[in-house]
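Analysis of the macromolecular model
Chain residues, written in single-letter form:
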Amino acid sequence: MRIGLVFDFRNPPAWRKPDVGFYRTQIDAVVEVEQLGYDQCWLTEHHFVDDGYNPSLLPTAAAIAARTSTIRIGTFILLLPFHDPVRVAEDVACIDILSNGRFDLGVGQGYRAGEFEALRIPRKERAPRMAEGVELIRRLWTEEDVTFDGRFNGVTGMTLYPRPVQTPHPPIWLGCRTEKAIRRAARMGFHLMATLGPDPAPAYRAALAEAGRDPAAYNVAQVRAVYVAPTADEAWADAAPHLHYQMVRYAEWLGEANDAPGDQALWRFGSADELRHSAVAKALMIGTPDEVARKLERFRDSYDCTDLAIGMHLPGLDPVKANRSAALFAREVMPAFQSA
């Protein structure tokens, strides 16, 4: 499998650093993980969050493209209903040029109620907005003189210049949690980004076959929290407060959205110590290199995954500690799992 790291650029109030220096340290970290041999850097988006969760992935991707030369840069995920598809198509084409063909576009429909309310976009429109927007983007990358009459978007005789480096276009991924979304990704011929819940890959592979597509030609990305240190106690001491913060916020947002079974009963942890001693902790890849390698072996045996997206640079975690974990993982764990 290909192995990458997720960067959300979250800067929570409890650990807040000045934004200019913080952004520099995050991009410096991407440069460092490229040198360590990681395959991908994934960027993730939310809006109007008091911890500064990155709302502007494409400018960030362009900055990373200018600082790197080999690592792939992708969005996991860009919330397409909040963006103009023409603008996304043009911006991604420029990033693909700046990176010499190293960009992956992962998009999703979004779920957080507050974002849709603030932007005055009805949540019930999110799926058709995403499906329509991504189809327009693909057409603009691959066709000339595009005329498109959609429910939310319309263009007349549009030809995109310049074009992306990758042909026929940069890889497109869809973030999916529900059966309907999984079938949509297969029908449209896009790669799959799994988020939370049961493994969607078997249903996705079956839907690809039903659509007359070769399942082996498509990729599945899975995201997991990973943190390693010389001892398990050190790993948990470093990661637990920040992982607790992250999981509690996601549980609040997902519970409000209630899009999938179980969303209203996620992760009720009163403290970081409670998290460490919970049943959930057994599934988290936190510990020594040997412990994490064993957990990763079980994961590899249980999940269909071509691209593992690791959440290691946790919200508020000291970048020095995150980079140390990334280096230890790259040296002692990654070689046994990373594709040649």
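Above: the structure in question.
The paragraphs below set out a description of the structure included in this document.

Rules used throughout
Residues numbered from 1 in each chain as written. Predicted model: local features only at pLDDT ≥ 70, side-chain atom pairs only at ≥ 80, totals over all residues. Heavy atoms only, no water. Helix = DSSP H or I, 4+ residues; strand = E, 2+ residues; numbered from the N terminus. Buried < 20%, exposed > 50% of the residue type's maximum accessible area, 1.4 Å probe, protein only. Contact = heavy atoms within 4.5 Å. Axes fitted to C-alpha atoms, helices over the stretch in contact; angles between N-to-C directions. Parallel < 35°, antiparallel > 145°, perpendicular 65-115°, else oblique. Left-handed = near helix turned anticlockwise from the far one by under 90°. Nonpolar A, V, L, I, M, F, W, Y, C, P; charged D, E, K, R; others polar. Core = buried A, V, L, I, M, F, W, Y, C linked by side-chain atoms within 4.5 Å.

**Describing the environment of proline 164**
- Its place among the elements puts proline 164 in the loop between β7 (154-158) and β8 (172-176).
- A relative accessible area of 11% means that proline 164 is categorised as buried.
- Along the chain, proline 164 and phenylalanine 82 lie 82 residues apart, while their C-alpha atoms are 22 Å from each other.
- Each residue touching proline 164, except ones within four places of it in the same chain, is listed here: Ala93, Asp96, Trp141 and Pro170.

**Some details on the packing of helix α1 (residues 19-35) against helix α2 (residues 57-67)**
- Interhelical geometry of α1 versus α2 gives an angle of 50 degrees and a closest axis separation of 10 Å. In this view, α1 runs oblique relative to α2, as classed from their interaxial angle. As α1 packs across α2, the resulting crossing turns out to be right-handed. Residues Ile27, Asp28, Val30 and Val31 of α1 form the contact with α2, whose own contacting residues are Ala63, Ile64 and Arg67.
- In terms of residue class, the contact of α1 with α2 is built from five nonpolar, no polar and two charged.

**Description of the nonpolar core**
- Membership of the largest hydrophobic core comes to 103 residues, with the highest contact counts inside it found for Tyr38, Leu43, Trp141, Leu174, Tyr204 and Phe329.
- Here the element with the most residues in this core is helix α8 (residues 232-257); it accounts for 11 residues.
- If we ignore the near neighbours within four places in the chain, the residues touching tyrosine 38 are Ile3, Gly4, Leu5, Val33, Ile71, Ala326, Phe329, Ala330, Met334 and Gln338.
- In this structure, Val6, Ile77, Phe82 and Ala221 belong to the second largest nonpolar core, which totals 12 residues.

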